[in-house]
Amino acid sequence: MQGPGLFYVDENGTRLSGRMFSTGCGNSSAYGVVDSGYREDMTVEEASDLGRRGVAHAPHRDSYSGGVVNMNHMREDGWIKVCKEDVSELIHRYRKGMF
């Protein structure tokens, strides 16, 4: 691989390259949402909204998930901060369709 990329590195040093990752105890719920809404041609705004929606679903299905979402957008020349939001606020924003 040449140029910038996205990698997941676990505590054992395993490195995986990919287009998106979800980690933590609520990741299966987040993946379900993200996988169902992901498109290759998404705008940054659409992708950020989908990511927030995925994170909001994790604590709904997994009581150990929650806290704060720190979202960054990775670009070739670095990253930009997209948001820092409380998960409980996201749950209320996206609650339609969660139940």
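Here goes a summary of the coordinates provided. (Residues numbered from 1 in each chain as written. Predicted model: local features only at pLDDT ≥ 70, side-chain atom pairs only at ≥ 80, totals over all residues. Heavy atoms only, no water.)

## Observations concerning the side chain of D10
To keep things clear, this is the line we draw: Secondary structure counts use DSSP, requiring at least four H or I residues in a row for a helix and at least two E residues in a row for a strand, with both numbered from the N terminus. Each polar contact in these results corresponds to two N or O atoms within 3.5 Å; when the atoms are within protein, one needs to be able to donate a hydrogen and the other to accept it, and residues that are neighboring in sequence are counted only if both atoms are side-chain atoms.
Here D10 is to be found in the loop between strand 1 (7-9) and strand 2 (15-17). A distance of 2.9 Å separates the side chain of D10 from the backbone nitrogen of T14, its partner in a polar contact.

## Brief notes about the pattern of salt bridges
Opposite charge on two side chains allows them to pair when their charged atoms are near. Quick reminder of the rule: Take a side-chain nitrogen of Lys or Arg and a carboxyl oxygen of Asp or Glu: if they are within 4 Å of each other, that pair is a salt bridge. Here's how the labels work: a residue is buried when its accessible area is under 20% of the maximum for its type, exposed when over 50%, partly exposed in between, all with a 1.4 Å probe on protein chains only.
In the structure shown here, the tally under the stated rule is 7 salt bridges. Residues R53 and D49 are paired through a salt bridge, measuring 3.7 Å at the closest nitrogen-oxygen approach. Of this pair, R53 and D49 are both found in helix 2 (residues 44-61), 4 residues apart, which corresponds to roughly one turn of the helix. Its relative accessible area of 29% is what places D49 among the partly exposed residues. In this structure, D77 engages R75 in a salt bridge whose closest nitrogen and oxygen atoms are separated by 3.2 Å. For D77, a relative accessible area of 61% gives the class exposed.

## Here we look at helix 1 (residues 27-37)
Note the threshold: Each direction from the helix axis to a C-beta atom contributes to the arc, which is the arc of those directions.
Buried residues of helix 1: S29, A30, V33 and V34, and no others. Within helix 1, the buried residues cover an arc of 125 degrees as seen down the axis, which keeps them to one side. Summarising the geometry of helix 1, the exposed residues directed more than 90 degrees from the buried face are S28 and S36.

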